[in-house]
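# Coordinate analysis (summary)
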Protein chains: 2
Amino acid sequence: MTASHRRPVPLSRAYRLLNHGPTVLVSAAHDGQRNIMAAAWAMPLDFEPPKIAVVLDKSTWTRQLLEGTGTFVLNVPCVAQADIVQTVGSTSGQALDKFAAYGLQTFVGEVVDAPLLEGCVAWLECRLLPEPHTQQTYDLFLAEVVSAQADERVFSEGRWHFEGHDELRTLHHVAGGNFLSIGDPVAGKQLDV
Amino acid sequence: MTASHRRPVPLSRAYRLLNHGPTVLVSAAHDGQRNIMAAAWAMPLDFEPPKIAVVLDKSTWTRQLLEGTGTFVLNVPCVAQADIVQTVGSTSGQALDKFAAYGLQTFVGEVVDAPLLEGCVAWLECRLLPEPHTQQTYDLFLAEVVSAQADERVFSEGRWHFEGHDELRTLHHVAGGNFLSIGDPVAGKQLDV
């Protein structure tokens, strides 16, 4: 079970879950309804308290739910979930419950009401920082991360380590359901003047 | 020479240069001065006209230059440049010209004055969309992409294709000079209900 591999991530390290630019799944729940969608455009915005930025199109049902409740979750999916990411990224949840329709298992977060998707490798529970101009003009949503977890098999002590876990590598969207998985470590050394 | 591999990228496809979440180098020039710094927090913001978002700390010299001139460049570096990324990301350009100090070769952009760094795999020339509140409160800068180029060996017809070019793979920052290179293609299929 995935559950046994989930560990809390200190908020001071939460930015590292997004630092390398993975595609995320945004989940939200409001007034008895829930949804999940894919978003390639998400990034950290600050270290501590950790903040994030994510772009959510006006047409999305998830956006309506999170504007209603003021909270949401960024789930970081992995290679094993590529079909799920493509599917929830290309269907609308207003007419059907994607979780039920596609057999998606969820668990309950520490702070927010939005469902957390089983099988992901990291989860960031977020509280919206209301910025109506930015939201309306740019579809850009800013939020504070209020709780974070990760799969200890690939993230521990503030670092990703995917060696030996190719199915748990993060996904990075190119276009149209084509992703790149994250690759191998590269160390940068400071050059002398 | 890298120069011979540079090709224009249609603006409608420019977002794909950042879609997979690479670390970027931000360069700017103003009033006879120039600088370049690393930024892991950058992402697309819109398709067409293409827009981007990037976080720039108040302490950075590059931020002062781009606030002065209103334009800048996002350079997308590759594995072969890991030491350069680490170096320009951990030194200040206010006291020394990093380009001269570290022997960084540049070329002239199509539209903006900021220098473009040789050896990168993509370049997005950007014009600031002034949003003083967002800049001041969140260190978040929004911009329109006004010209884009990429190395045709790894990006053509709107797609990244890194096979056979491991040294040209993009870098994705973890922390403290430790990066992950981008990996292999993964296709996501739409699931049946």
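Let us look at the structure shown here. (Residues numbered from 1 in each chain as written. Chains lettered and ligands numbered in written order. Predicted model: local features only at pLDDT ≥ 70, side-chain atom pairs only at ≥ 80, totals over all residues.)

Bringing the overall build of chain A into the picture now. Scanning chain A from terminus to terminus reveals four helices and 14 strands. Scaling as 2.2 N^0.38, a compact globule of 193 residues should have a C-alpha radius of gyration of about 16 Å, and chain A matches this with 16 Å. Its C-alpha atoms give chain A principal-axis dimensions of about 55 × 35 × 35 Å. Classification of the 193 residues of chain A by burial places 52% in the buried group. The long-range fraction of contacts in chain A, counting pairs at least 24 apart against all pairs at least 6 apart in sequence, stands at 66%. (Helix = DSSP H or I, 4+ residues; strand = E, 2+ residues; numbered from the N terminus. Rg over C-alpha atoms; globule rule 2.2 N^0.38 Å. Buried ≥ 20, exposed ≤ 12 C-beta atoms within 10 Å, placed from the backbone. Contact = placed C-beta atoms within 7 Å.)

Now for the pairing of strand 6 (residues 71–76) of chain B. All names here are of chain B. In terms of burial, strand 6 is largely enclosed, as six of its six residues are buried. Of the two faces of strand 6, the one carrying Thr71, Val73 and Asn75 and the one carrying Phe72, Leu74 and Val76 are both buried. By the bridge criterion, three bridges tie strand 2 (residues 24–30) to strand 6 in an arrangement that is antiparallel. Bridge pairing links valine 26 to leucine 74 in strand 6. Here strand 6 runs beside strand 9 (residues 122–128); their pairing, made up of six bridges, is antiparallel. Of the residues in strand 9, the one forming a bridge with valine 73 is glutamate 125. (Pairing = 2+ DSSP bridges.)

Residues and elements named next belong to chain A. Buried within helix 1 (residues 61–69) are the following residues: Thr62, Arg63, Leu65 and Leu66. Viewed end-on, helix 1 has its buried residues packed into an arc of 165°, placing them on one side of the element. On its buried face, helix 1 sits against strand 2 (24–30), strand 3 (33–39), strand 6 (71–76) and strand 9 (122–128). Downstream of helix 1 by one or two residues, glycine 70 has phi in the positive range, about 80°. (Arc of directions from axis to C-beta.)

Before going further, it helps to spend a moment on the interface of chain B and chain A. Contact residues are listed per partner, giving 51 residues for chain B and 51 residues for chain A. Contributing elements (two or more residues each) for the side of chain B that touches chain A: strand 4 (42–46), strand 5 (51–55), helix 2 (82–88), helix 4 (132–138), strand 10 (140–151), strand 12 (159–160), strand 13 (171–175) and strand 14 (178–187) of chain B. If you tally residues by element for the side of chain B that touches chain A, the top one is strand 14 of chain B, at 10 residues. Looking at the side of chain B that touches chain A residue by residue, the class counts come to 29 nonpolar, 16 polar and six charged. For strand 14 (residues 178–187) of chain A and strand 14 of chain B, the ladder comprises seven bridges, and the chain directions are antiparallel. Each residue of the ladder has a partner; that of Leu180(A), found in strand 14 of chain B, is Pro185(B). (Nonpolar A, V, L, I, M, F, W, Y, C, P; charged D, E, K, R; others polar.)

Judged by pairing direction, the sheet is antiparallel, and its four strands sit side by side in the order 13(A)-14(A)-14(B)-13(B) without closing on themselves. With partners counted over all chains shown, the strands left at the sheet margins are strand 13 (171–175) of chain A together with strand 13 of chain B, one partner each. Neighbouring strand axes in the sheet, compared pairwise and without regard to direction, differ in orientation by 40° on average. Both strand 13 of chain A and strand 14 of chain A contribute to a ladder of four bridges, which runs antiparallel. Bridging across to strand 14 of chain A, Ala175(A) finds its partner in Asn178(A). (Axes fitted to C-alpha atoms, helices over the stretch in contact; angles between N-to-C directions.)

If you rotate chain B by 180° and push it 0.0 Å along the axis, it lands on chain A with an RMSD of 0.0 Å. Put plainly, the chains are arranged around a two-fold axis. Most of the interface of chain B is mirrored in chain A, where 100% of its interface residues are also at the interface. (Least-squares fit on C-alpha atoms with pLDDT ≥ 70 in both.)

Our next topic: the pairing of strand 4 (residues 42–46) of chain A. Residue and element names in this part refer to chain A. With four of five residues buried, strand 4 is to be regarded as a mostly interior element. Sheet topology note: the strand 4/strand 5 (residues 51–55) ladder contains four bridges and is antiparallel. Of the residues in strand 5, the one forming a bridge with methionine 43 is alanine 53. Hairpin connection between strand 4 and strand 5: a loop of four residues separates the two successive antiparallel strands.

With that out of the way, let us pick up unusual backbone geometry. Following Glu48(A), the chain continues into Pro49(A) via a peptide bond in cis, with omega recorded as 0°. Considering the arrangement of structural elements, one finds Pro49(A) in the loop between strand 4 and strand 5. Non-glycine residue Asp139(A) carries a positive phi angle of around 60°. Here Asp139(A) lies in the loop between helix 4 (132–138) and strand 10 (140–151). Exposure remark for Asp139(A): the 18 C-beta atoms within 10 Å place this residue in the partly exposed category. Phi angles above zero are rare outside glycine, and Glu157(B) is one such case at about 50°.

Function cannot be inferred from these measures alone, as they are strictly geometric.
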